[in-house]
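Below, each chain spelled out in residue letters.
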Amino acid sequence: MKLITATQAGALIRDDATLFLGGLAMSSLPEEILQGIEQHYLETGHPRQLTTWACGAVGNSGNGGMKHFAHEGMIRRTIAGHFGQTGAEMMKMVYDGKVEAYNFPQGSLSQLTRHIASRSPGLLTKVGLGTFVDPRQEGGKLNRTCSADLVQLVEFQGEEWLYYPSPKIDVAIIRATLADEAGNLTLDKEGVLLEQLAIAQAARACGGIVIAQVERIVQTGSLHPKQVKIPGIMVDYVVVARPENHMQTITTQFDPALCGDVRIPLGSLPPMPLDERKVIARRAALELRSGAVTNLGIGIPAGIPSVAAEEGVADLLTLSVESGVTGGIPAQGGDFALAYNAQAIIEQTSQFDFYDGGGLDASFLGLAQVDRHGNVNVSKFNGRPVGCGGFINITRSTRKLVFCGTFTAGGLKVAIADGALHIEQEGRSSKFVDHVEQITFNGHDAAQRQQDVLFVTERAVFQLGLDGLALIEIAPGVDLERDILAHMSFRPIIREPRLMDASLFQAEWGGLRASLSAKNN
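Residues numbered from 1 in each chain as written. Predicted model: local features only at pLDDT ≥ 70, side-chain atom pairs only at ≥ 80, totals over all residues. Heavy atoms only, no water.

Draft legend 1. Representation of the domain arrangement of the chain within the structure. Domain annotation for the chain reports domain 1 (2–120 + 166–245) and domain 2 (276–520). For domain 1 versus domain 2, the separation of C-alpha centres amounts to 33 Å. The interface is formed by 26 residues belonging to domain 1 together with 25 residues belonging to domain 2. Counting the surface lost from both domain 1 and domain 2, the interface buries some 2,000 Å², and carbon and sulfur atoms represent 55% of this. Of all residues in domain 1, Y95, Q106 and Q111 give up the largest surface area on contact with domain 2, accounting jointly for 23% of the area buried on that side. Applying the counting criterion to the domain 1 and domain 2 interface returns one salt bridge. In this structure, the connection of domain 1 to domain 2 is made through 13 residue pairs in polar contact (both at pLDDT 80 or more). (Domains from an automatic or database assignment. Contact = heavy atoms within 4.5 Å. Buried area = accessible area lost by both parts, 1.4 Å probe. Salt bridge = Lys/Arg side-chain N within 4 Å of Asp/Glu carboxyl O. Polar contact = N/O pair within 3.5 Å; in protein donor to acceptor, adjacent residues only side chain to side chain.)

Draft legend 2. The sheet that holds strand β11 (residues 185–186), seen in detail. Spatial strand order, β13-β10-β11-β14: four strands in an open sheet with mixed pairing. Edge positions in the open sheet fall to β13 (216–218) and β14 (228–230), since each of these has one partner strand only. Bridge count between strand β10 (residues 178–180) and β11: two bridges; the pairing is antiparallel. Each bridged residue has a counterpart across the sheet, and for A179 the counterpart in β11 is L185. (Pairing = 2+ DSSP bridges. Helix = DSSP H or I, 4+ residues; strand = E, 2+ residues; numbered from the N terminus.)

Draft legend 3. Expanded view of the pattern of salt bridges. This model, assessed by the stated rule, comprises 29 salt bridges. The closest approach of N and O atoms between K189 and E215, which form a salt bridge, is 3.2 Å. Here the residue K189 occupies a position in the loop between β11 and α5 (196–205), and E215 occupies one in the loop between β12 (209–214) and β13, the gap between them amounting to 26 residues. Judged by relative accessible area, which is 29%, K189 ranks as partly exposed. For D434, the salt bridge identified is with R372, shortest N-O distance 3.3 Å. Of the two residues, D434 sits in the loop between β31 (429–430) and α10 (443–448) while R372 sits in the loop between β23 (369–370) and β24 (376–377), which places them 62 residues apart along the sequence. Overall, D434 belongs to the partly exposed group, its relative accessible area being 35%. One continuous salt-bridge network, built from bridges that share partners, spans R283, E287, K400, D452, E473 and R498. (Buried < 20%, exposed > 50% of the residue type's maximum accessible area, 1.4 Å probe, protein only.)

Rendered as structure tokens:
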């Protein structure tokens, strides 16, 4: 192992190289090294025409992550599981076709790292069939500039599969907490393990180099061998980062509760205000079961743990996050992907193996667009791609899916009082449309595979069946024609919908424990 500066790291990367980047948003992101690569490019014009791979979104939507590659000519192609944190500069390049951009499921990219590491020809999976990743639709291509087909539809033993060929990785750029003088790396203060080991192994299998960012160097022999997550034999260079470039998350420098060093009393988490988001989280929470292995997505679903804690039933739930966290209470906002009081933190690749293998009993996910067939779009809006993240992996194999979101978007204002919902100002955009802009979840396929699928909003609940979307519940205080059907581009199936429980619209609820108890009897 050789100790170098971040700018020296940039000098090690040749033109046309393929880089695999560790990190998820700012968690475990080697920000110091990425700054050094950009600095070297600005000084010398090199490296140029790079290809980057990343399992999730890389950056903080501001000054970090992929923004450092957002120079025309510096990057030729980028492949990632999500683009929501890559920054305005990079997204403009994607939208303008200045860089080839591909979006594939986060879990499939994570699993692909192991195939590269073992010199397997590639990943064979059913995840993504029937979605925009399927070559019969868009093949994961985010713009017309894309020159290659990076995913293929193949037939194997009489069944359809998606096949991702293993790329050749020239440079792995990863992050750890400590490095000893031999290059052994620990991830003690990282809130997630992700696939740092597999990325390093992938680069070495391809004859490439591994550059790691750490907080500090310690003496060889001072690290417990079980703490070492990446052996020094896989690490070529180490860069020591400044604290500001080694954030634990987008918003947190370091919180020991987010990496399992301490536990916090769940009562210390602030309750949600009574608004449309809390109503949706409460109604969605009625679909929980004690002990069921449950995944929570970002946005409104992330409020479900807050509701559970407020109701005093958090200890009855087994929550998980695709980043590798099981148990505890998933963090929200800029700390998403980490959790308080986690029971286990494993590698993201293994978590997706568990998910793809049917390990999830239920998942609660966001929604942005839904059509009459139950197709869901969370990945592209007004022609601008955001990306799918782990959404496609999670929705493919989970037995029960609950999509959560407001009925309309953009300026929606509601009043909640006396057990009823009142629409004071309607949102500008309808979410229930004739055709979704992009298929991130294929409703027809899910119905054929007999998945249990609900759509929960503040004013209505819908259920997916073979014949399409059926309206099954309406909020008290809401008019069917004026407040629901008038804001849908299609007419759902209507068979005597019942009223949503009025207690969901009270300041004090107290109904979740009874719901969980009833399902266990």
